[in-house]
2 protein chains.
Amino acid sequence: MSGAGYARVVEIVEQLLAASRPVARQHFRTPLAVTRKADCSPVTEADRAIEQAMKAVLQAEVPGHGILGEEFGLSGAEARYIWVLDPIDGTKSFISGVPLFGTLIALLEDGVPVLGVIDMPMLGETWIGQRDGAGRVSTRFNGASCHAGRCTELSEAILFATSPDQFTAQETRVFETLSAACAARRFGGDCYSYGLLASGHIDLILEAELQPYDYLALVPVVEGAGGVITDWQGRALTLQSSGQVLAAATPALHAAALARLAGKARAALP
Amino acid sequence: MSGAGYARVVEIVEQLLAASRPVARQHFRTPLAVTRKADCSPVTEADRAIEQAMKAVLQAEVPGHGILGEEFGLSGAEARYIWVLDPIDGTKSFISGVPLFGTLIALLEDGVPVLGVIDMPMLGETWIGQRDGAGRVSTRFNGASCHAGRCTELSEAILFATSPDQFTAQETRVFETLSAACAARRFGGDCYSYGLLASGHIDLILEAELQPYDYLALVPVVEGAGGVITDWQGRALTLQSSGQVLAAATPALHAAALARLAGKARAALP
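Residues numbered from 1 in each chain as written. Chains lettered and ligands numbered in written order. Predicted model: local features only at pLDDT ≥ 70, side-chain atom pairs only at ≥ 80, totals over all residues. Heavy atoms only, no water.

Asks: What should I look at first to understand the overall build of chain A in this one?
Replies: Along the backbone of chain A there are 9 helices and 13 strands. On C-alpha atoms alone, chain A measures out to a radius of gyration of 18 Å, which is about the 18 Å that the 2.2 N^0.38 rule sets for 270 residues. Here the C-alpha coordinates of chain A stretch approximately 50 × 50 × 35 Å along the principal axes. Burial statistics for chain A: of 270 residues in total, 57% are counted as buried. (Helix = DSSP H or I, 4+ residues; strand = E, 2+ residues; numbered from the N terminus. Rg over C-alpha atoms; globule rule 2.2 N^0.38 Å. Buried < 20%, exposed > 50% of the residue type's maximum accessible area, 1.4 Å probe, protein only.)

Asks: Would you mind showing me how to read the sheet that holds strand β4 (residues 102-109) of chain B here?
Replies: Paired through backbone hydrogen bonds, the strands of a sheet run either parallel or antiparallel to each other. Residues and elements named next belong to chain B. One open sheet accounts for 8 strands, arranged β2-β1-β3-β4-β5-β6-β7-β8; its pairing is mixed. Edge positions in the sheet fall to β2 (73-75) and β8 (144-145), since each has one partner strand and no second. Bridge analysis of β4 against strand β5 (residues 112-120) gives 7 bridges, and the strand direction is antiparallel. Each bridged residue has a counterpart across the sheet, and for Leu104 the counterpart in β5 is Ile118. (Pairing = 2+ DSSP bridges.)

Asks: How do you make sense of the state of the cysteines when you look at a structure like this?
Replies: Cysteine pairs can be linked by a disulfide, which is a covalent bond between their two sulfur atoms. Inspection of the entire model under this criterion finds 0 disulfides over all chains. The cysteine A:Cys191 is free of any disulfide, with A:Cys146 supplying the nearest cysteine sulfur at 14 Å. Given a relative accessible area of 1%, A:Cys191 falls into the buried group. The thiol of B:Cys182 is unpaired, and the distance to the nearest cysteine sulfur, on B:Cys151, comes to 8.2 Å. Accessibility expressed as a relative area gives 12% for B:Cys182, which makes it buried. (Disulfide = S-S within 2.5 Å.)

Asks: Which parts of the structure should I look at to understand the relation of the copies chain B and chain A?
Replies: Superposition of the two copies of the chain requires a rotation about an axis and a shift along the axis. When chain B is fitted onto chain A, the two copies agree to an RMSD of 0.0 Å after a turn of 180 degrees and an axial shift of 0.0 Å. Such a combination of rotation and displacement between the chain copies is what one expects of a two-fold axis. Closest approach to the rotation axis within chain B is made by the C-alpha atom of B:Gly188, at a distance of 2.5 Å. Most of the interface of chain B is mirrored in chain A: 100% of its interface residues are interface residues there too. (Least-squares fit on C-alpha atoms with pLDDT ≥ 70 in both. Contact = heavy atoms within 4.5 Å.)

Asks: Help me understand the interface of chain B and chain A, please; the structure alone is not making it clear to me.
Replies: Frequently, the measure chosen for interface size is the accessible area that the parts lose on association. Counting residues at the interface gives 30 residues for chain B, matched by 30 residues for chain A. For the pair chain B and chain A, the two sides together bury roughly 2,500 Å², of which 53% comes from carbon and sulfur. Our count for the chain B to chain A interface comes out at 4 salt bridges. In this structure, the salt-bridge partner of B:Arg185 is A:Asp165, at a minimum N-O distance of 2.6 Å. Contributions of two or more residues to the side of chain B that touches chain A are made by α4 (91-95), β9 (158-161), β10 (184-187) and α6 (192-198) of chain B. Counting residues per element, the side of chain B that touches chain A draws most heavily on β10(B), at 4 residues. Class assignment of the residues belonging to the side of chain B that touches chain A gives a composition of 15 nonpolar, 6 polar and 9 charged. (Buried area = accessible area lost by both parts, 1.4 Å probe. Salt bridge = Lys/Arg side-chain N within 4 Å of Asp/Glu carboxyl O. Nonpolar A, V, L, I, M, F, W, Y, C, P; charged D, E, K, R; others polar.)

Asks: Please explain unusual backbone geometry as it appears in this structure.
Replies: Excluding glycine, residues mostly have negative phi values, and the peptide bonds linking residues are mostly trans. The phi dihedral of A:Arg29 is positive, around 60 degrees, even though this residue is not glycine. With respect to the helices and strands, A:Arg29 occurs in the loop between α1 (3-27) and α2 (31-34).

Asks: Would you mind going over the sheet that holds strand β12 (residues 228-230) of chain B with me for this structure?
Replies: Residues and elements named next belong to chain B. Taken together, the 5 strands give an open sheet; going across it, the order is β10-β9-β11-β13-β12, and neighbouring strands pair in mixed fashion. Sheet topology places β10 and β12 at the edges, where each strand pairs with a single neighbour. In this sheet, neighbouring strand axes are inclined to one another by 15 degrees on average, regardless of whether the strands run parallel or antiparallel. Sheet analysis places β9 next to strand β11 (residues 204-207), joined by 2 bridges and oriented parallel. (Axes fitted to C-alpha atoms, helices over the stretch in contact; angles between N-to-C directions.)

Asks: Sorry if this is basic, but what is going on with helix α9 (residues 251-267) of chain A here?
Replies: Owing to its 3.6 residues per turn, the α-helix aligns residues three or four sequence positions apart on the same side. All names here are of chain A. For α9, spanning 17 residues, the distance from its first C-alpha to its last is 24 Å, which sits close to the expected 24 Å at 1.5 Å a residue. Its maximal kink placed at Leu261, α9 deviates by approximately 65 degrees. For α9, the complete set of buried residues consists of Leu253, His254, Ala257, Leu261 and Ala265. Taken together, the buried residues of α9 touch α5 (169-180), β11 (204-207), β12 (228-230) and β13 (245-248). (Expected span 1.5 Å × (residues − 1). Bend = angle between axes of the 7 residues up to and from the residue.)

Asks: Whenever I open this one, the side chain of A:Thr139 confuses me. Can you help?
Replies: Residues and elements named next belong to chain A. For Thr139, the position within the fold is in strand β7 (residues 137-141). Its relative accessible area of 1% is what places Thr139 among the buried residues. Polar side-chain contacts of Thr139 include one of 3.2 Å to the backbone oxygen of Pro220. Aside from chain neighbours lying at most four places away, what touches Thr139 is Trp127, Ile128, Gly129, Ala144, Ser145, Cys146, Pro220, Val221, Gly224 and Ala225. (Polar contact = N/O pair within 3.5 Å; in protein donor to acceptor, adjacent residues only side chain to side chain.)

Asks: How should I be thinking about the packing of α5(A) against α9(A) in this particular structure?
Replies: Axes are the key here: two packed helices are described by the angle between their axes and the distance separating the axes. Residue and element names in this part refer to chain A. Contact geometry for α5 and α9: axes closest at 9 Å, N-to-C directions at 165 degrees. Overall, the two elements α5 and α9 adopt an arrangement that is roughly antiparallel. With respect to the hand of their crossing, α5 and α9 are arranged in right-handed fashion. The residues of α9 that touch α5, namely those facing Gln170, Arg173, Val174, Thr177, Leu178 and Ala180, are Ala257, Arg260, Leu261, Lys264, Ala265 and Ala267. Split by residue class, the contact of α5 with α9 holds 7 nonpolar, 2 polar and 3 charged. (Parallel < 35°, antiparallel > 145°, perpendicular 65-115°, else oblique. Left-handed = near helix turned anticlockwise from the far one by under 90°.)

Asks: Any chance you could explain the pairing of β11(A) here in plain terms?
Replies: Moving residue by residue along a regular strand, the side chains alternate between the two faces of the sheet. All names here are of chain A. Along β11, one buried face is formed by Leu204 and Leu206 and the opposite face, lined by Ile205 and Glu207, is buried too. Two strands pair when backbone bridges link them, and β11 and β13 are joined in this way by 4 bridges, in the antiparallel orientation. Bridged to Glu207 within β13 is Val245.

Asks: So what exactly am I meant to see when it comes to the domain arrangement of chain A here?
Replies: All names here are of chain A. Taken as a whole, chain A is organised into domain 1 (3-145) and domain 2 (154-267). Contacts between the two partners involve 31 residues from domain 1 and, on the opposite side, 24 residues from domain 2. Regarding the contact of domain 1 and domain 2, the summed buried area is about 2,100 Å², with carbon and sulfur atoms giving 70% of it. At the junction of domain 1 with domain 2, the criterion picks out 0 salt bridges. (Domains from an automatic or database assignment.)

Now the structure itself:
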């Protein structure tokens, strides 16, 4: 992406967040939003309203770009640039009144995520990872440069996963193998974990069952902070990935985690 | 507690929170506080600093009262009034940069918790449950009256637990039995879950391995909001309880949960 394109993307991201945040805040902890019906319609209502607000911005600003959203699917699949939107990542947090849900935005250039945004509407915390005109990726937290930690040893790492319930039986074996080697583990993070990793607060994340709109925005955020994020085989994350994600604060820690779970990860391929 | 005593307690709570909050905020996400040593000393440093600040208030204001703190143990065990302090509940959140840790304050009168405070320093959210001069207990969230939800059926309930790792093998069987009957479950709450329950956002919490300074403050908060909180046998929580806690938004939901786990809960008694 050229320098001019880079500046333009920053501008569009600001417009997207100006559109999404008020809608998320307006629905959070409202009686409607916390009604739990079998079809989860109140949650979908907030999801759809946020995604629609963001789509309107993109359609006005960059009508030639593609859009992949959690709620409304893919349009413009052949476009060189595709925006990937997850209006509410952390649905269980959202419907439980926990302010740890986020809005995720990714921009793909020829299938490669060149921009990633993790925005926490209720916390006022935003991570933006972006590749510049020269191909260098960097991450900013609330506007200031941020960096992942220095942990290189599994035995010193804090491992995060959103829930033990996200894993199949074979994936659980992988997770248990890895967490047995770590200093501590904590559940309940969703996208926020990747922001915490990018700011140096936690070291390692292992997840499964993620969708492209869940994981593509995380890639520039983690990589721009000096971390590493791949699937469980160490491959780059793309639109076609399995949804098994491993993120680490340092290349050494990532390599140690990959080595630790190697055989079991193959057996757990979806 | 008399009406005059009631007003006095409110005053002391305000002083305690004015003392604890700045210390918690100052230590959160500092390089020192997130260093993970084997002995966890940096966390203890924040814990100790907060507890010391609160103890200083109590020693100046009510020198005849007892104090039980997580860090400095029990003093004045024979006093009619004992303050129970947990400077940082949610240590893993705290050291991971997650703003879901809280400060807990309880006041016991003849062993009965007549005041409970859940304060979330980074979120600016505070629940205070208090018994008034006439023995009625009520809960306020950031100053406004708050109420638990109306859920009476396990099949509609969202169940919270801080972590599956808090349970023994037998306790895990109890937890699995209960969660199999619920609509959804989420991990990673600590004291915040009980505030969410008191405000009507979640319905059910099952935990184990809690200490008196973890659970005593929760009792007036949950009861004052119309909820029910007991041990896994349905007994009131006291300084001598087992640390197995069951909280529900309504008496009917609590009864349904107790019935569901009855046989297994007996087998899991510590």
